[in-house]
Amino acid sequence: MERIGIYGGTYNPPHIGHMRAAAHAIEALKLDRLLLIPNHVAPHKQMPHDAATAEQRLEMLRMSAKGLEKTEILDLELKREGLSYTSDTLEQLRKENPQAELILLMGTDMFLSFLTWHEHERILHDATLAVIYRGEPGEQDAVAVQKERLESEGAKVELVVNPVTAISSTDLRRMLVFDCADPYLCPGVGAYIREHGLYDTGRNYKNLSMEELEQTVIGLLKKNRVAHVLGCRDAAVKLAQHYGEDKTNAARAGLLHDITKALDGPLQLTLCSEYGILLSKFSQENPKTLHALTGSLVAEQLFGENEAVVNAIRYHTTGRPGMSKLEKIVYIADFIEENRDFPEVKQLRAAAWRSLDEAMLMGLEMTLKQLHSQNRQISQSSIDAARYLREHGVVLKEEMI
């Protein structure tokens, strides 16, 4: 019996993660054919405002899959009006391939939410589910539970552990804005995107108004990060006004301080590599701490921010000896913005209005203590910053120690 894989998605844009997962699935599932099917309108997600057209996504997918054996690209969902329901697609494919075994490929998130899909019973009737996942402990347990549940209802489920390239199309669109996405794109796709100005790649991000900057930043953050960033901006402006610092610089640094926070460790390292930055041993071993550095690079090179703003972003997590007033303000604002809720936050907020240096030392000491208790590596910059403040006469009030 012929085994036909079906690999759908928005492919907005397609990337090497898609293609490597496809190649691995062909081998692991012993597929005779793999059908790549870009959808017209996905029922489970909203297309971003800067999405490529259906025709452009199809063309990029053709470029990406070039040379990938046993694959075919079908535009049947693009031709269909309305939402692209998998149940309808499988019904059509079943009629065209009545003797074949249809195998529907999906990632972990889609598999775990499968029971919410439109007419999922029809899907289980027409196809085997093939779950491509990385096999991480928590993920592995959740997949196993869902597999048992669906099989109890008569589903056929196959699991494919695959060290796929860990990047989503959403992250890739962020990397395109930051101009460092090419390592994750198949040959020719990056040039095609830039030629057609897709995903805002042709936009000039320099000299944005405050309103334009805010909307741009919000579009590049994860949703759960937006409230914090806006809160940091507001806190930085209030501290700047209190201490006689430039409020515009404070607002722009507050907005941009977490601009690359959505990127995971490997993507942070890629951004540094594409920007030609040589990293310290600490940064290489702790890539999750890199968002301050990469954020400062993006602020300078993409948004054209001034040196004071760039440095405030660069040192907002570690601090450094001899920090400027703006650097201290952004460091502290990141700690005390109104959405923060930890045991010492009230004390730290009170200190922030008495003395920037006192609040800085308190924030640094809290961080060093926490990292030490967790047996995590500590940035030498933070150690040096705390020592510098103490050597220059800064002390904490006894009730805050």
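Cut-offs and rules
Residues numbered from 1 in each chain as written. Predicted model: local features only at pLDDT ≥ 70, side-chain atom pairs only at ≥ 80, totals over all residues. Heavy atoms only, no water. Helix = DSSP H or I, 4+ residues; strand = E, 2+ residues; numbered from the N terminus. Buried < 20%, exposed > 50% of the residue type's maximum accessible area, 1.4 Å probe, protein only. Contact = heavy atoms within 4.5 Å. Areas by Shrake-Rupley, 256 points an atom, 1.4 Å probe, with all protein chains shown as cover. Expected span 1.5 Å × (residues − 1). Arc of directions from axis to C-beta. Polar contact = N/O pair within 3.5 Å; in protein donor to acceptor, adjacent residues only side chain to side chain. Pairing = 2+ DSSP bridges. Axes fitted to C-alpha atoms, helices over the stretch in contact; angles between N-to-C directions. Right-handed = clockwise from strand over helix to strand, strands pointing away. Phe/Tyr/Trp six-rings, centres within 6.5 Å; stacked < 30°, edge-to-face > 60°.

**Student:** How do you make sense of the overall build of the protein when you look at a structure like this?
**Tutor:** Within the protein one finds 20 helices and six strands. Overall, the C-alpha framework of the protein stretches about 80 × 45 × 35 Å when taken along its three principal axes. Buried positions account for 51% of the 401 residues belonging to the protein. Taking the contacts inside the protein whose residues are at least 6 apart along the sequence as the reference set, 71% of them involve residues at least 24 apart. Summed over its atoms, the accessible surface of the protein is roughly 19400 Å², and 48% of this surface lies on carbon and sulfur atoms.

**Student:** Just checking my understanding: could you explain unusual backbone geometry for this structure?
**Tutor:** Note on backbone geometry: most residues besides glycine have negative phi, and most peptide bonds are trans. Pro13 follows Asn12 through a cis peptide bond whose omega is 0°. Looking at the element boundaries, Pro13 is found in the loop between β1 (3–9) and α1 (16–28). In the Ramachandran plot, Asp179 falls in the positive-phi region, its phi being about 60° despite a non-glycine side chain. One can find Asp179 in the loop between α8 (169–177) and α9 (189–195). A positive phi angle, near 60°, is found at Asn207, a position not held by glycine. Given a relative accessible area of 73%, Asn207 falls into the exposed group.

**Student:** For this particular structure, what's the right way to read helix α20 (residues 380–391)?
**Tutor:** For an α-helix the count is 3.6 residues per turn, leaving residues at separations of three or four pointing the same way. An ideal rise of 1.5 Å per residue puts 16 Å on 12 residues; α20 measures up with 16 Å between its terminal C-alpha atoms. Among all positions of α20, only Ser382, Ala385, Ala386 and Leu389 are buried. Looking straight down α20, one finds that the buried residues subtend no more than 95° of arc, so they occupy a single side. The inward-facing, buried residues of α20 contact α19 (356–373). Put simply, Ser379 is the residue that caps the front of α20, since its side-chain oxygen is 3.2 Å from the backbone nitrogen of Ser381. Positive backbone phi, at 85°, marks Gly393, one or two positions downstream of α20.

**Student:** What's the story with helix α17 (residues 325–336) in this structure? I'm lost.
**Tutor:** Taking 1.5 Å of rise per residue, the 12 residues of α17 would be expected to cover 16 Å, and the 16 Å separating its terminal C-alpha atoms lies within 8% of that figure. Counting buried positions along α17 gives 11 out of 12 residues, so the element sits mostly inside the fold. Taken together, the buried positions of α17 are Leu326, Glu327, Lys328, Ile329, Val330, Tyr331, Ile332, Ala333, Asp334, Phe335 and Ile336. Check the buried side of α17 and you find it contacts α11 (223–243), α12 (247–256), α16 (307–314), α18 (345–354) and α19.

**Student:** Would you mind showing me how to read the sheet that holds strand β2 (residues 33–38) here?
**Tutor:** Think of a sheet as strands paired side by side through backbone hydrogen bonds, with each pair either parallel or antiparallel. Spatial strand order, β3-β2-β1-β4-β5-β6: six strands in an open sheet with parallel pairing. Of all strands in the sheet, those with a lone pairing partner are β3 (71–73) and β6 (157–161), marking the two edges. The mean inter-strand angle of the sheet, taken between neighbouring strand axes irrespective of direction, is 25°.

**Student:** Could you clarify how one ought to interpret the pairing of strand β5 (residues 128–133) in this entry?
**Tutor:** On a regular strand, one side chain projects to one face of the sheet and the next to the other, so that they alternate. With six of its six residues buried, β5 lies for the most part within the structure. Of the two faces of β5, the one holding Thr128, Ala130 and Ile132 and the one holding Leu129, Val131 and Tyr133 are both buried throughout. Note that β5 and β6 share five bridges and pair parallel. Looking at the pairing, Leu129 lines up with Val157 of β6. Read as a crossover between parallel neighbours, the route from β5 over helix α7 (residues 137–151) to β6 is right-handed.

**Student:** What exactly am I supposed to notice about the packing of aromatic side chains here?
**Tutor:** Each pair of aromatic rings is reported with the distance of its centres and the angle of its planes. Counting across every chain of the model gives five aromatic pairs. Ring centres of Tyr7 and Tyr11 lie 6.0 Å apart, and the angle between their planes is 75°; this geometry places the pair in the edge-to-face category. Here Tyr7 and Tyr11 have matching classes, each one buried. Where Phe335 meets Phe342, the ring centres are 6.2 Å apart and the plane angle is 65°; that geometry is what we call edge-to-face. Judged by its relative accessible area of 21%, Phe342 falls in the partly exposed class. Joined through ring pairs, the aromatic side chains of Tyr331, Phe335 and Phe342 make up one cluster.

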